[in-house]
Amino acid sequence: MAFQMDNGHRSRDQALTMVKNKRYAPPSAGESSETKEATRAPGQGLSQRVERAQQHGDGGRVHANTQYSQQGARGGGRYQDPIPHQPSNDPAKYQAHGCYGRGGPRQRGTPRPYHDGRRSGSGGRGVPTTTSVTLPELHQAPQVHHQVPVVTPSPPETCSSSLHVEVNTGQVQLQFQQLAIPDQSSSIQGMQLAPPSSKSGRFPMRPGKGTSGSRCIVKANHFSAELPDKDLHQYDVSISPDVPSCGVNRAVIGELVTLYRQSHLGGRLPAYDGRKSLYTAGPLPFTTRTFEIVLQDEEDRIGGAQVAQRREKHFMVVIKFAARADLHHLAMFLAGKLPDAPQDAIQVLDIVLRELPTARYSPVARSFYSPNLGTRQQLGDGLESWRGFYQSIRPTQMGLSLNIDMSSTAFIEPLPVIDFVAQLLNRNVSIRPLSDADRVKIKKALRGVKVEVTHRGNMRRKYRIFGLTSQATRELTFPIDDHGTMKTVILYFQETYGFNIQHTTLPCLQVGNPQKPNYLPMEVCKIVEGQRYSKRLNDKQITALLKVTCQRPQQRELDILQTVNHNAYHEDPYAQEFGIRIDERLALVEARVLPPPRLKYHDSGREKDVLPRIGQWNMRNKKMVNGGRVNDWICINFSRNVPDSAATSFCRQLAEMCQISGMDFSIDPLFPPLTTRPENVERALRSRYQDAMNALKPLGRQLDLLIVVLPDNNGSLYGNIKRICETDLGLASQCCLTKHVYKRSPQYFANVALKINVKVGGRNTVLVDALSRRIPLVSDRPTIIFGADVSHPHPGEDSSPSIAAVVASQDWPEVTKYAGLVSAQTRRQELIQDLFKVWQDPQRGTVTGGMVKELLISFRRSTGQKPQRIIFYRDGVSEGQFYQVLLYELDAIRKACASLEPNYQPPVTFVVVQKRHHTRLFANNHNDQRSVDGKSGNILPGTVVDSKICHPTEFDFYLCSHAGIQGTSRPAHYHVLWDENKFTADGLQTLTNNLCYTYARCTRSVSVVPPAYYAHLAAFRARFYMEPDTSDGGSVASGVTTSRGPTGARRAAGNVAVKPLPDLKENVKRVMFYC
């Protein structure tokens, strides 16, 4: 039965965007991983390189900008839209809380995430913790797009945060039942709710363990935790006056325990989450009790008895019994006898083990840092790196497991403010006055930073900076009495403190209350130690941080063991109080090394196929399986260091390599290279393109390719070229850095040829098993493989939107080419809003569309067949968002299929891909060449683990599909949330591993399955299309995926318009230009 493509399909000028790869986007300062990839796009800076490295290895956890710390019944039938009904009175909520833990018991039986900051921790991709979001009513398409749930960031907290999924049991089960393929006829005009089924609100059970591959033993950075035999109690804590700081709260409770542990707490040593919850190993001798606590203000603690007396703070603390944590249910869950983890019990144990390190170190999310845990390293511009460790307890097949990993992040150096400013500006600040740009840079760097004064002897009063004065210090005056008598700041400091201000031309710091600011000269202030830098790092700082954190596997393993030994959990008074015992040995885990797939190349080459070795191969003696054609091309040189002769010879060598690799590529350009300045980019591109078209149009030909030579440091030039070429000129482009023009490495030319080939419509290689139809659950019937991701703006980009991208394979049975669509949506929204959408058209009435529908139509046009199976790899989802994302996005997939024709509901497998986790795998014997990559010391590509450290009952696995080069490889974690195709463990693991060898830009296997990789690259590329004058306005949407139809703008939450990006040109959409 054919698709009904006349209902809501786009016109030809709104056709699909063909996607290919451009490396994983920069992590705004997330975890750093140092293993390098073979290629990177010219013009990409270090910020791109960090994320790329992150995908292929990890030399240390780096927190630089954001806190990071991851069944339906099958069958035919029709799918119909429901009759509109009232929303539930008890909607499921996705609730964030400012601190670890939460007062009050949960409803038993509620579907719960298991721990480790995945389902219950901070959001994936560096997404901040969020306020409540109501899950959508299933099968009820929103008529206006802004009704989609919005995830909004919560205010920043000073303590670790934890997310909780508050889900009504009956509602979630009903929603899961409705997601099963229904048995009713479908039409877009009238859909009905799916009938109930026996499916419960839970994710698929593990279908047994895999057996493929060669067996081996690996070590994991998981440490067995013995379940305590204690009666755990939870108490609600109320502290008044209320303070926003977890540190102050902890000081209050710490003083309370010191004073009253023996006399009023029954000798109990409680664990406190920093906010509203207190936990004890046994009951306290009261149900409710009020305490009065007096604290000395720590800012004046060194100021003597009189000052201390004057600065005392009084707090009233009410402790009230709330609930008992159910360890019996936790034991039942770990034994596989209960479907859902009792999250409260796990959270108690996690908080208990965090108590001591929280007191010793600086906590950041689930990590702890200290200058004493490793050597401080300067990062430049007044920043330094601190070493630390990540710690989280989680349920696994081996029982409770404590996950420990090494970590690093950026802190502000505890310098005198004058020295910090000198480093920031890279000059002596006393030589010449500050410019306006200098002031802006200083104010941005110092806003929110805490400083202590140095001109008052032992009294080191602390203040927080909120701004700079507009006047120099020598010009500043302030009133000293009610009569308006004014005094200069310089005179005041001389008379009051005997301090002569030297830097009188510098502005003063504005501290304290913005409504009544205090002025402090920079030279009397010193930055307080231990303040994490939460803004975006520059390229120089990222490079320095990567260098610090790069560790070979053997060294990382040793550091983890030393950290566990240093933490001495057997001596931890809190662990002893609660009866928690931690094994200090790395977990030994059974693993398997999956064999690499054989790859097919063109028969005209000397080698017609290849079997990769240790995750890599090369193009020698091989030709691309489908070489593209480039008859007419031009070159523009924006680098003043590259003369015309060098650009000409470079382009000729590149053209020859394209020919050798199997492309039909003209050796000579249409015109000689044009050299121009970067600021002339728009005029040069348009002019040269017009000259080419004037020459080619009479011949009935088109310009096929633009080769661009860029300066090594090119700023926004790369993005401007991509925006102009792809949204204005309709021209595929390949950018090359100046340094490669002179190096001229054969490997570089070969890699660039791979990228050019897919940009002009070619295909580099395919799986032999795909051609011979031997891939289970893919080759037997037309199968489409999706990848999806959402890219969020960097910290500080408060008005920028999030960008969603979805790609889908277009060449069954080969599954190598991917088309893609991008769409802007509300900032920090993780749910992909435009998977399916409905809008009203004045002429056509109710019209349906969305990214999934368009990609299904594109698949049909490319292959002549409609997909009979859907595999959906979803990147960037934390475990706290699993239920929310599945319920919303699987429902959208269902509606997209139902909108195409009645009775069309292909079975769906929905898999979440996670890279931001802390599990690392090490060889059991680092000298065993059979299980270790001798060059890097990492485990071999293809290593898969689905036992012991994985979920007790659900279908998940760790797969290290790539060969790490530097640092320690980070395996990808795959978790199946829905599986109507009934994959076996071997089937899905092998498919995922084999797909990792089809990445188009290099002859290496990659660390993330390519569909998910490409989706992230597509979202990253879309940010280049923001016009310079609107890029800070937060309004971005793809011209091919907007909410009021193909070209309209959307209204986001808060009634802020999300404007569309310029449309991609038709000839660009037809090729994989994202490479």
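Counting restarts for each chain, with residues numbered from 1 along the sequence as it is written. In keeping with the model being predicted, local features are shown solely for residues with a pLDDT of at least 70 and side-chain atom pairs are shown and tallied solely at 80 or more, while totals for entire chains, interfaces and linings include all residues. The basis for every side-chain value is the complete set of heavy atoms in the structure, and neither hydrogens nor water enter the calculation.

1. Things to note about the overall build of the protein chain
Short version of the rule: Each helix is a run of H or I in the DSSP string that is no shorter than four residues. Each strand is a run of E no shorter than two, and both are numbered from the N terminus. Accessible area is worked out with a 1.4 Å probe on protein chains only. A residue is then buried under 20% of its type maximum, exposed over 50%, and partly exposed in between. The accessible surface values rely on the Shrake-Rupley method and a 1.4 Å probe; as for residues, cover is taken only from the protein chains in view.
Across its full length, the protein chain holds 23 helices and 47 strands. The proportion of buried residues among the 1075 residues of the protein chain is 63%. Looking at the protein chain as shown, the accessible area adds up to about 38900 Å², and 48% of this sits on carbon and sulfur atoms.

2. So, the packing of aromatic side chains
Geometrically, a pair of aromatic rings is defined through the distance of the ring centres and the angle of the planes. Heads up, the rule is: Any Phe, Tyr or Trp ring, taking Trp's six-membered ring, that has another such ring centre within 6.5 Å forms a pair; planes under 30 degrees apart are called stacked, those over 60 apart edge-to-face, and the others tilted.
Tallying each qualifying case throughout the model produces 27 aromatic pairs. Both rings, one in Tyr 369 and one in Phe 411, keep their centres 6.0 Å apart while their planes meet at 65°; by these two values the pair is edge-to-face. With Tyr 369 in strand β13 (residues 367-370) and Phe 411 in strand β16 (residues 399-412), the pair connects residues that are 42 residues apart, well separated along the chain. On the accessibility criterion, Tyr 369 (0% relative accessible area) is buried. Given a relative accessible area of 0%, Phe 411 falls into the buried group. Ring geometry for Trp 633 and Phe 665: centres 5.9 Å apart, planes at 50°, overall tilted. Pair noted here: Trp 633 is in strand β29 (residues 633-637) and Phe 665 is in strand β30 (residues 664-665), with a separation of 32 residues, a long-range link. What links up through ring pairs into an aromatic cluster is the set Phe 478, Tyr 492, Phe 493 and Tyr 497.

3. Considering the packing of helix α13 (residues 644-660) against helix α17 (residues 746-759)
Two packed helices can be described by the angle between their axes and the distance between those axes. Here is the rule we go by: Only the contacting stretch of a helix is used when fitting its axis, a line to C-alpha atoms as for every element, and angles between N-to-C directions run 0 to 180 degrees. The scheme is simple: roughly parallel for angles under 35 degrees, roughly antiparallel for over 145, roughly perpendicular for 65 to 115, oblique for anything else. By convention, the crossing between two helices is left-handed when the near helix turns anticlockwise from the far helix through less than a right angle, and right-handed when the turn is clockwise. Between two residues, a contact is recorded if the distance between any of their heavy atoms is within 4.5 Å.
Close contact between α13 and α17 brings their axes to 9 Å; oriented N to C, the two are set at 65°. Here α13 lies roughly perpendicular to α17, going by the angle between them. The way α13 lies across α17 gives a crossing that is right-handed. Only Pro 746, Tyr 748, Phe 749, Ala 750, Val 752, Ala 753 and Ile 756 of α17 make contact with α13, whose side of the interface consists of Phe 650, Gln 653, Leu 654, Met 657 and Cys 658.

4. A word on unusual backbone geometry
Omega for the bond connecting Ser 240 with Pro 241 falls within 30 degrees of zero, at 0°, which places this linkage in the cis form. Checked against the element boundaries, Pro 241 lands in the loop between β7 (232-240) and α3 (246-260). Of note, Arg 773 is a non-glycine position whose phi angle comes to about 55°, a positive value. With a phi angle near 60°, Leu 777 is a residue other than glycine that sits in the positive phi range.

5. Remarks on the pattern of salt bridges
This is how the line gets drawn: Put simply, a salt bridge is a Lys or Arg side-chain nitrogen that is within 4 Å of an Asp or Glu carboxyl oxygen.
For the coordinates displayed, the defined rule picks out 41 salt bridges. Within the structure, one salt-bridge network assembled from shared partners comprises Arg 376, Glu 384 and Glu 529.

6. Side note on helix α5 (residues 327-334)
Rule in force here: Taking the helix axis as origin, the arc is that swept by the directions to the C-beta atoms. We call two N or O atoms a polar contact when they sit within 3.5 Å, provided that within protein one can donate a hydrogen and the other can accept it, with sequence-adjacent residues counted only if both atoms are side-chain atoms.
Taken as a whole, α5 has its buried residues at Leu 327, Leu 330, Phe 333 and Leu 334. Projected onto a plane normal to the axis of α5, the buried residues spread over an arc of 115° and lie on a single side. In the core, the buried residues of α5 are packed alongside β7, α6 (343-360), β15 (383-396) and β16. Two or three places before His 328, at the opening of α5, Asp 326 has a side-chain oxygen 3.1 Å from that residue's backbone nitrogen. The first or second residue beyond α5 is Gly 336, which carries a positive phi of 80°.

7. Details of the confidence of the model for the protein chain
Quick note on the threshold: Residue-level confidence of the predictor is what pLDDT reports, using numbers from 0 through 100.
Of the residues in the protein chain, 77% have a pLDDT of 70 or more, and the chain-wide mean is 81. A low-confidence stretch, residues 1029-1047 (pLDDT under 50), is modelled with 71 contacts involving residues beyond four sequence positions or located in other chains.

8. Side note on the nonpolar core
Stated precisely, the cut-off is as follows: The term nonpolar core refers to a set of buried residues drawn from Ala, Val, Leu, Ile, Met, Phe, Trp, Tyr and Cys, joined through side-chain atoms within 4.5 Å.
Formed by 118 residues in total, the largest nonpolar core has its most connected members in Trp 633, Phe 665, Phe 786, Leu 856, Tyr 873, Phe 910 and Tyr 974. When residues in this core are grouped by element, the largest group, 11 residues, is from helix α20 (residues 882-900). Residues contacting Phe 665, with those up to four places away along its chain left out, are Val 630, Trp 633, Ala 655, Cys 658, Gln 659, Leu 705 and Ile 756. In this structure, Leu 256, Leu 284, Ile 319 and Phe 578 belong to the second largest nonpolar core, which totals 55 residues.

9. Here we look at the sheet that holds strand β34 (residues 766-767)
Using the following cut-off: At least two bridges found by DSSP between two strands are what make those strands a pair.
The sheet built from three strands is open, its strands ordered β27-β26-β34 with antiparallel pairing. On the outer flanks of this sheet lie β27 (609-610) and β34, each paired with one strand and no other. Here two bridges tie strand β26 (residues 599-600) to β34, and the two strands are oriented antiparallel to one another. The residue of β34 that forms the bridge with Lys 600 is Val 766.

10. Things to note about the sheet that holds β7
Taking strand neighbours across the sheet as the criterion, the five strands line up as β8-β9-β7-β11-β10 in an open arrangement whose pairing is antiparallel. Each edge of the open sheet carries a strand with a single partner, namely β8 (271-272) and β10 (288-296). Note: β7 against strand β9 (residues 277-281), five bridges, orientation antiparallel. Counterpart to His 233 in the pairing with β9 is Thr 280.

11. Brief notes about the pairing of strand β32 (residues 705-710)
In terms of residue burial, β32 counts as a mostly covered element, since six of its six residues are buried. Burial of the side chains of β32 extends over both faces: Leu 705, Ile 707 and Val 709 are buried on one face and Leu 706, Val 708 and Leu 710 on the other. Sheet analysis places β29 next to β32, joined by five bridges and oriented parallel. The partner of Ile 634 across the bridge, within β32, is Leu 706. Where β32 lies against strand β33 (residues 733-737), five bridges are found, and the strand directions are parallel. Within β33, the position partnered with Val 708 by the bridge is Cys 735.

12. A look at the environment of Lys 895
Note that Lys 895 resides in helix α20. Linking Lys 895 and Phe 836, residues 59 residues apart in sequence, is a C-alpha distance of 6.8 Å.

13. Quick word on α20
Where we set the bar: Expected helix span is computed as 1.5 Å times (number of residues minus one).
With 19 residues, α20 extends 27 Å between its outermost C-alpha atoms, agreeing within 8% with the 27 Å of an ideal straight helix rising 1.5 Å per residue. Burial runs high along α20: 19 of the 19 residues are buried.

14. Thoughts on the pairing of β33
If a strand is regular, its side chains alternate between the two faces of the sheet. In terms of residue burial, β33 counts as a mostly covered element, since five of its five residues are buried. Of the two faces of β33, the one lined by Ser 733, Cys 735 and Leu 737 and the one lined by Gln 734 and Cys 736 are each fully buried.

15. With respect to the side chain of Arg 427
By secondary structure assignment, the location of Arg 427 is in the loop between α7 (417-425) and α8 (436-446). Polar contacts involving the side chain of Arg 427 include one to the side chain of Asp 438, which spans 3.0 Å. Beyond its immediate stretch of four places on either side in the chain, Arg 427 contacts Ala 422, Arg 432, Pro 433, Leu 434 and Asp 438.

16. Examining the packing of α7 against α8
Defined as follows: The residue classification treats Ala, Val, Leu, Ile, Met, Phe, Trp, Tyr, Cys and Pro as nonpolar and Asp, Glu, Lys and Arg as charged. All others, Gly included, are polar.
It is at 11 Å that the axes of α7 and α8 come closest, and there the two elements cross at 120°. By the angle between their axes, α7 is oblique relative to α8. In this structure, α7 crosses over α8, and the sense of that crossing is right-handed. The residues of α8 that touch α7, namely those facing Val 417, Phe 420, Val 421, Leu 424 and Leu 425, are Asp 438, Lys 441, Ile 442, Ala 445 and Leu 446. For the contact of α7 with α8, the class distribution of residues is eight nonpolar, no polar and two charged.

17. A few points about the environment of Val 1068
On the secondary structure map, Val 1068 appears in helix α23 (residues 1066-1069). By relative accessible area, which is 2% here, Val 1068 ends up buried. Expressed as a C-alpha distance, the spacing of Val 1068 and Ala 732, which sit 336 residues apart in the sequence, is 6.6 Å. Other than its neighbours up to four places away in sequence, Val 1068 contacts Cys 725, Glu 726, Gly 730, Leu 731 and Phe 1073.

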